[in-house]
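Spelled out, the chains give:
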Amino acid sequence: MQQLDTAPRGEELSLAERAYRAIRDWLVMLEIRPGAPINEDQLAQSLGVGRTPVREALKRLQYERLITTYPRRGTFATDVNITDLAHISEVRQELEPLAAAQAARRATAADRATLTALQRELTGVDSRPHGPDELMRLDLQVHRAIYAATHNPYLEDTLVRHDNLATRIWCLFIDRLPGMTGHVVEHGPLLKAIVDGDPDEAARLTRNHVEGFERAIREAI
């Protein structure tokens, strides 16, 4: 299983936080398949940590609706239910444009450097082949960088959780979505609007992006 490097440079992560981020992204990317049993010992061995950090991570993941526990049966990765798409999109259509606008207003020099680097990476996507997993990881990086640039931890936490759930749906239908590269690349103008400090344009582009995501999924069903 691959891991995403989501820690800001120089950030010291606790074992529980490391476990949480790794397991979260395995679940989001469906490397742990929906409905699969969650084995604490196996996860601890894969991560090279003890069971306590894994147990702490799983408590957070249950709250985020990525795993569920059944009495006398055990813990499992939650199923991906397409009927949740409308509920998730309802939240994202309101909060994603707000986050983009706030990022355009509040991004620090360090944030803008991160977003500019991601913008350059997006520019090179068409120049060489990218597998679906690589594109999805880049998509997650872009969204999480934008949320971090809002400097509103409550808004960031809410959107990370909902983007994770949306990404699971995206991954489920990835083989039916031929326009995936375009979906990821269209973040380029959005990142530029944020770096340029244009909240209205950032909000407009984000709204179109979220609506396009839901439309693409519904067409694939």
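Residues numbered from 1 in each chain as written. Predicted model: local features only at pLDDT ≥ 70, side-chain atom pairs only at ≥ 80, totals over all residues. Heavy atoms only, no water.

**Student:** What is the right way to look at helix 4 (residues 85-106) in this model?
**Tutor:** Every α-helical turn comprises 3.6 residues, leaving residues that sit three or four positions apart pointing alike. A rise of 1.5 Å per residue sets the reference length of helix 4, with its 22 residues, at 32 Å; its end C-alpha atoms lie 30 Å apart and thus fit the reference within 8%. If you look at helix 4, its biggest bend is around 30°, right at Arg92. Packed against the buried residues of helix 4 are helix 5 (109-123), helix 6 (132-149), helix 7 (153-172), helix 9 (187-195) and helix 10 (199-220). (Helix = DSSP H or I, 4+ residues; strand = E, 2+ residues; numbered from the N terminus. Expected span 1.5 Å × (residues − 1). Bend = angle between axes of the 7 residues up to and from the residue. Contact = heavy atoms within 4.5 Å.)

**Student:** Is there a simple way to think about the packing of helix 5 against helix 9 in this case?
**Tutor:** Relative orientation and spacing of two packed helices are given, respectively, by the angle between their axes and the distance between those axes. Helix 9 packs onto helix 5 with a crossing angle of 155° between their chain directions and a minimal axis gap of 9 Å. As judged from the angle between their axes, helix 5 and helix 9 are roughly antiparallel. Regarding helix 5 and helix 9, the two cross each other, and that crossing is left-handed. For the pair formed by helix 5 and helix 9, the contact residues are Arg112, Leu115, Thr116, Leu118, Gln119 and Leu122 on the first element and His187, Gly188, Leu191, Lys192, Ile194 and Val195 on the second. (Axes fitted to C-alpha atoms, helices over the stretch in contact; angles between N-to-C directions. Parallel < 35°, antiparallel > 145°, perpendicular 65-115°, else oblique. Left-handed = near helix turned anticlockwise from the far one by under 90°.)

**Student:** Which parts of the structure should I look at to understand the packing of aromatic side chains?
**Tutor:** For any two aromatic rings, the description comes down to two numbers: the centre-to-centre distance and the angle of the planes. By the definition in use, this model includes two aromatic pairs. Taking the centre distance of 6.0 Å and the plane angle of 55° together, the rings of Tyr70 and Phe76 count as tilted. Note on Tyr70: relative accessible area 36%, which makes it partly exposed. Since its relative accessible area comes to 15%, Phe76 is described here as buried. Directly above the aromatic system of Tyr70 lies the positively charged group of Arg73, at a separation of 4.6 Å from the ring centroid. For Arg92, the ring lying beneath its charged end belongs to Phe213, and the centroid distance is 5.4 Å. (Phe/Tyr/Trp six-rings, centres within 6.5 Å; stacked < 30°, edge-to-face > 60°. Buried < 20%, exposed > 50% of the residue type's maximum accessible area, 1.4 Å probe, protein only. Lys NZ or Arg CZ within 6 Å of the ring centre and 35° of its normal.)

**Student:** Sorry if this is basic, but what is going on with unusual backbone geometry here?
**Tutor:** Keep in mind that most residues, glycine aside, have a negative phi and that most peptide bonds are trans. At Arg65, a residue that is not glycine, the phi angle is positive and equals roughly 65°. Take Arg65: it is sitting in the loop between helix 3 (51-63) and strand 1 (67-70). Owing to a relative accessible area of 63%, Arg65 belongs among the exposed residues under this scheme.

**Student:** Teacher, can you tell me more about the environment of Asp84 here?
**Tutor:** Among the structural elements, Asp84 can be located in the loop between strand 2 (74-77) and helix 4. Among the residues examined, Asp84 registers a relative accessible area of 33% and is labelled partly exposed. Linking Asp84 and Ile23, residues 61 residues apart in sequence, is a C-alpha distance of 22 Å.

Read these as geometric descriptors, not functional statements.
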